[in-house]
Every structure is written in structure tokens, then in C-alpha cells.
Amino acid sequence: MKDISQTDIQNNIPLVTRRDFKREIKAGEVYIGGNELVVMAGPCTIEGKKQIMETAKAVRDAGAKMMRGGVFKPLTFPYGEPLGQPDTDSNEPPRDRMKILNKRDLYQVAERRLGYFKEAGEKFGLPIISEIMYADSLDMMSEYVDMFQVGYRHMFNMDLIEALSKTKKPIMIKRHYGESLRSLLGVAEHFEARGKHNFVFCERGVVAPHTHNINSRAILDIQAIPALKEYAPSVPVIIDPSHATFKRSYVAAMSRAAIAAGADGLLIEVHPDPENAWIDPLQALGFTDFKKLMKDIRAIHDAIR
Ligand code: PEP
Ligand code: MN
């Protein structure tokens, strides 16, 4: 893996590394990268209207400024597609988890759940962010979300880069756990070169020979915060301690460390019943844990700014 050279800065990533550039990133009415700490909290995946409403209230009351929630989930295996299951608050029985849905059916359920998400966001004053996986879903998703997430699996997807370069909405680019900061800055430069400037970075762990956790393949790269601030001072950095640790009991400590190290915000998975979350049940926080985390990081943020 190559380090970032002076030649890179001059020839390959001149725009994203500009030092005199003021970048305005505004999701709904929330500014990211200013003095305010922006915590985006919510479930890995939207499971129904009740779940998203309840979570929106809890995270808003605890001080989150935005809400996260997935509909299009990049799954490691083809089975268990959440969009193939009925809403948790419906009376329908579970459906065959081996069934592969066509895109039209996926989009139909995704759109209905994005509708719940938008309603929750509006009711509780939280701009919403969700992952985009298919370039041709951009127009549909744009009706609902305030910000787009590019998941780690998609950071090099040129169809998404092309499509997202045309939207005015802000985007969050997640670094793949096996990719260098040089590659991440390269992806950002692809956006810059297409005139798209309102993006933020998200660090969600890097591979490591051991992670203190048998279920995990990643460890949080805290050092990415000062490094990204040095190379690309105008781009806000969001830390995702949920996917980086993959472990509930590590999330609060890593959140505190991230804020102390200068992160502009956090992306945190929160669920009303974390152990029974459809996806990522090992890392989601319940409402009480999330409230305590928010109180602690606020104190750290106040102390260092
Ligand atoms: C997520 O945020 O829900 C997600 C799937 O992210 P990642 O791309 O980091 O796995
Ligand atoms: Mn998740």
C-alpha cells in the first residue's frame, strides 16, 4: 500500500487537499463540520414504522442531530434480505428467507420504508441519511433522504460516483476496511473533479491481524482522524464505531476516543431491542446506553473545543 506523496498532492489529489477551501456541508438544516457535534443515530435497517418512530424520538431526546437507517443493505450472503420480510409491526408471517427478490420488489418495499423514515425525521426534526446501492435508485431515494451514504463496498463504484455527482444533496463516503487513505482521497477527487464538493468521510475500521474480538475483522483507525485533517482539512470526518468494533460493549469507549481525537461526528447504530435487530444485532446500542454515550461525548466535545 502506497503512502501519500507530494507528487500525489500536486497531480492526483490537488482539489480534495486544498487548504484554502471552505466546504459547506448541509443536510436538511444541519451543518456538518462546524462547531456542532453531529451524531447520526438509528437502526442498521428499517424494520417497520413503529421501530423507526420510537428510535427517532429516543435519539432526538438524547441529542442526536441526524438519523441513520438502511433500506438497501449490502449483504455478505444472498439470503435473509430484510426487504423480503414484512414490517415487524405487521401481522404477516415471516417469508422464505432464501427467496431472491427482483429489483422492482426491492424498490417497492424500500420506498415504503423510506416513507416511514422521512416521516420520523420530519416529526422529530432529524435530517436522515441512508445508503444508496443502485445508481438508478437516486431519483426515488432523493424524494426521501437528506443525505446519501456510500457504503464501504461501493467506494469505487463509478456508476454511483457519476450519479451522486449530479445531486445537490450531501454524501458520506465510507472507507473500505482494506483501503488506504490515499485511495479514499482518490475517490473524493473523482467527486471533486466532477464538481461535487459537499461530501464527508467516514472511517469504519481497518483490517488487523487481531481485533480483541472473535467476531470482528476490523479495528477502529483513530489515527485516520488527524491524518485526514492534515491532508484534506476542509472535509469533515465522521467515525462509525458500530461497524468498526462490531461489538456493543466497545462502542461508547471508541466514540469518546473519536471525539477526543477531533472527529466532527459519529454514525451509531441504535435499536429499540438491540439483541433482536434484523442486521448487526451484536453492535447496536439500546436507548439507555445511547443516552449515556451522548452525555459523555458532549462533555468531551465541550472540553476540547
Ligand atoms: C451501514 O452503515 O449500515 C453499513 C452497512 O455500512 P458499511 O458499508 O460500513 O458496512
Ligand atoms: Mn449495520
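Data block above holds the structure.
Residues numbered from 1 in each chain as written. Chains lettered and ligands numbered in written order. Predicted model: local features only at pLDDT ≥ 70, side-chain atom pairs only at ≥ 80, totals over all residues. Heavy atoms only, no water.

Student: Teacher, can you tell me more about the coordination of the manganese ion (ligand 2) here?
Tutor: In an ideal tetrahedron of four donors about a metal, each angle is 109.5 degrees. In an ideal octahedron of six donors, the angles are 90 or 180 degrees. Protein ligation of the manganese ion (ligand 2) involves C44 (SG), H243 (NE2), E269 (OE) and D280 (OD), the donor distances falling in the range 2.0 to 2.3 Å. Counting along the primary sequence, the residues that act as donors to the manganese ion (ligand 2) give the motif C-x198-H-x25-E-x10-D. With H243 in helix α8 (residues 241-245) and D280 in the loop between β12 (265-269) and α10 (287-304), this residue pair connects regions lying 37 residues apart in the sequence. We note that H243, like D280, is buried. (Donors = N, O, S within 2.8 Å, 3.2 Å for Na, K, Ca; no water. Helix = DSSP H or I, 4+ residues; strand = E, 2+ residues; numbered from the N terminus. Buried < 20%, exposed > 50% of the residue type's maximum accessible area, 1.4 Å probe, protein only.)

Student: What's the story with the packing of helix α2 (residues 49-62) against helix α3 (residues 103-124) in this structure? I'm lost.
Tutor: How two helices sit against one another is set out by the angle between their axes and by the gap between those axes. Running from N to C, α2 and α3 point in directions that differ by 30 degrees, and their axes come no closer than 9 Å. Regarding the angle of α2 to α3, the classification is roughly parallel. Considering the relative orientation of α2 and α3, their crossing is right-handed. Contacts between α2 and α3 involve K49, I52, M53, A56, K57 and R60 on the former and, on the latter, Y116, F117, E119, A120, K123 and F124. Split into classes, the residues belonging to the contact of α2 with α3 amount to 7 nonpolar, no polar and 5 charged. (Axes fitted to C-alpha atoms, helices over the stretch in contact; angles between N-to-C directions. Parallel < 35°, antiparallel > 145°, perpendicular 65-115°, else oblique. Left-handed = near helix turned anticlockwise from the far one by under 90°. Contact = heavy atoms within 4.5 Å. Nonpolar A, V, L, I, M, F, W, Y, C, P; charged D, E, K, R; others polar.)

Student: Explain the layout of surface pockets to me, please; I cannot follow it from the model alone.
Tutor: Rolling a probe over the atoms, with the probe sized like a water molecule, indicates the empty space that remains. In this structure, the largest pocket spans a volume of roughly 800 Å³. What lines the largest pocket is a set of 30 residues, among which P74, L75, T76, I279 and D280 lie closest to the centre. Of the voids in this model, the second largest pocket is the one considered here, and its volume is about 310 Å³. Lining the second largest pocket are 18 residues, and of these M1, R175, S180, L181 and D221 lie nearest its centre. Of all elements in the fold, only α6 (181-193), β9 (206-207) and α7 (224-231) reach the threshold of two or more residues within the lining of the second largest pocket. (1 Å grid on protein atoms, 1.4 Å probe; cavity = no way out; pocket = protein on both sides within 12 Å on 5 of 7 lines; lining within 4 Å. Points joined across faces, edges and corners; volume = space filled by probe spheres on them.)

Student: So what exactly am I meant to see when it comes to the site of ligand 1 here?
Tutor: Taken together, the neighbourhood of ligand 1 is formed by C44, R68, K73, E131, Q149, G151, Y152, K174, R204, H243 and E269. The separation between an oxygen atom of ligand 1 and a polar side-chain atom of R68 is 2.8 Å. Within the contact set of ligand 1, an oxygen atom lies 3.4 Å away from a side-chain nitrogen or oxygen of H243. In the complex, 96% of the free accessible area of ligand 1, which totals 290 Å², lies under the protein chains. Put simply, ligand 1 lies in the largest pocket. Of the residues contributing to the shell around ligand 1, the split by class is 2 nonpolar, 3 polar and 6 charged. (Near = heavy atom within 4 Å. Polar contact = N/O pair within 3.5 Å; in protein donor to acceptor, adjacent residues only side chain to side chain. Areas by Shrake-Rupley, 256 points an atom, 1.4 Å probe, with all protein chains shown as cover. Sits in = over half its atoms within 2 Å of the grid points.)

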